[in-house]
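Reading the structure
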Amino acid sequence: AQTVTQSQPEMSVQEAETVTLSCTYDTSESDYYLFWYKQPPSRQMILVIRQEAYKQQNATENRFSVNFQKAAKSFSLKISDSQLGDAAMYFCAFKGYGNKLVFGAGTILRVKS
Amino acid sequence: ETGVTQSPTHLIKTRGQQVTLRCSSQSGHNTVSWYQQALGQGPQFIFQYYREEENGRGNFPPRFSGLQFPNYSSELNVNALELDDSALYLCASSWGTGADTQYFGPGTRLTVL
């Protein structure tokens with residue numbers, strides 16, 4: 001069974017600075033997808049970025065980028081130029097051959113002005 | 001393009017009662033997945049519906065059941081409610097069962113007293 005681990009329960013960042021959220025996963029599959037979802041207090045789970053395991057190039061979406069290390073089974077999220085609106089719970093998620101997403105426990109990100 | 005919608009937003013039930021939660025998938029999506037998110041935790045997969053049939057189930061008892069309708073909307077039914085069923089219930093839609101990306105609704109907050 002796949003597992004996803006987020007070892008940082010909470011992180012803080014100063015507005016306009018950069019923060020990195022960590023995620024590791026365990027799987028025996030070779031082809032899969034990894035995601036970062038953002039969940040603000042409104043509860044809506046919003047897709048931030050996705051990575052296909054067969055692609056070596058790290059995904060980037062505006063201020064959000066990932067560092068995907070397949071051999072190490074590591075998938076970290078970097079947020080550049082942090083904004084107050086980035087404050088939320090961030091979940092790392094895995095999807096393999098099956099039909100379900102497997103989520104980590106989440107990291108609360110606080111942004112200080 | 002219409003996103004995923006869920007109803008009701010929140011509700012309160014007492015132990016032993018039954019509850020029905022509803023989800024309308026994003027336009028163009030034919031697959032609906034349901035997740036339970038306990039307070040402070042990551043979402044857990046309940047089951048998925050595709051072509052009006054259950055297509056995969058997580059570690060949840062049979063008192064959690066569902067339906068999918070011809071228009072791809074879905075219901076989650078929970079019988080004999082227990083206190084531990086108190087959670088945020090998230091619905092996610094996608095195109096096909098193997099689709100890599102699932103898009104989430106705003107969730108229904110269920111409180112069992």
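See above for the structure.
No experiment lies behind these values; they were computed from the predicted model shown. (Residues numbered from 1 in each chain as written. Chains lettered and ligands numbered in written order. Predicted model: local features only at pLDDT ≥ 70, side-chain atom pairs only at ≥ 80, totals over all residues. Heavy atoms only, no water.)

1. Considerations on the side chain of T31 of chain B
All names here are of chain B. Selection criterion: Each helix is a run of DSSP H or I of at least 4 residues and each strand a run of E of at least 2, with the numbering of both proceeding from the N terminus. Type-normalised accessible area, obtained with a 1.4 Å probe on protein chains alone, sets the label of each residue: buried when under 20%, exposed when over 50%, and partly exposed for intermediate values. By the criterion applied in these results, polar contacts are pairs of N or O atoms within 3.5 Å in which, for protein atoms, one can donate a hydrogen and the other can accept it, and in which residues neighboring in sequence qualify only through two side-chain atoms. Contacts are residue-level and defined by heavy atoms, with any inter-residue pair within 4.5 Å sufficient.
Structurally, T31 can be placed in strand β4 (residues 31-37). The class for T31 is buried, based on a relative accessible area of 0%. There is a polar contact of 2.9 Å between the side chain of T31 and the side chain of N30. In this view, T31 contacts Q48, Y49, Y50, Q68, A92, S93, S94, W95, G96 and T97; residues no more than four positions away in its chain are not counted.

2. Here we look at the sheet that holds strand β7 (residues 64-68) of chain B
Residue and element names in this part refer to chain B. To be explicit about the condition: Criterion used throughout: strands pair if DSSP finds at least two bridges between them. Fitted lines through C-alpha atoms give the axes, limited to the stretch in contact for helices. The angle between two N-to-C directions lies from 0 to 180 degrees.
With respect to topology, four strands assemble into an open sheet ordered β1-β3-β8-β7, the strand pairing being antiparallel. Strand pairing shows two members of the sheet lacking a second neighbour, β1 (5-7) and β7, which therefore form its edges. Averaged over all adjacent pairs, the angle separating strand axes in this sheet is 20°, with direction ignored. Where β7 meets strand β8 (residues 74-78), five bridges bridge the pair, whose relative direction is antiparallel. From the neighbouring strand, S65 faces β8, where its bridge partner is N77.

3. Some remarks on the state of the cysteines
Residues and elements named next belong to chain B. Inclusion rule: Note on disulfides: each one is a pair of cysteine sulfur atoms within 2.5 Å.
As enumerated under the stated definition, the model contains two disulfides over all chains in all. One disulfide in the model links C23 with C91; its S-S distance is 1.7 Å. As the torsion about the S-S bond is roughly -50°, the C23-C91 disulfide counts as left-handed. Within this pair, whereas C23 is found in strand β3 (residues 19-24), its partner C91 is found in strand β9 (residues 87-94), the two being separated by 68 residues in sequence. An identical accessibility class is assigned to C23 and C91; each is buried.

4. Remarks on the pattern of salt bridges
Here the idea is simple: oppositely charged side chains can pair when their charged atoms come close. Applied cut-off: Here a salt bridge means any side-chain nitrogen of Lys or Arg lying within 4 Å of a carboxyl oxygen belonging to Asp or Glu.
Inspection of the entire model under this criterion finds nine salt bridges over all chains. Beyond isolated ion pairs, a larger network of salt bridges with shared partners links R50, E52 and K55 of chain A.

5. Structural notes on the nonpolar core
Note the threshold: Nonpolar cores were defined as sets of buried Ala, Val, Leu, Ile, Met, Phe, Trp, Tyr and Cys residues, with membership established by side-chain atoms within 4.5 Å.
Counting residues in each nonpolar core, the largest one holds 26 residues, and the members touching the most others are Y25, W36, F75, L77 and Y90 of chain A. If you tally residues by element for this core, the top one is strand β10 (residues 88-95) of chain A, at four residues. By size, the runner-up hydrophobic cluster in this structure holds 20 residues, among which are L21, C23, F64 and L81 of chain B.

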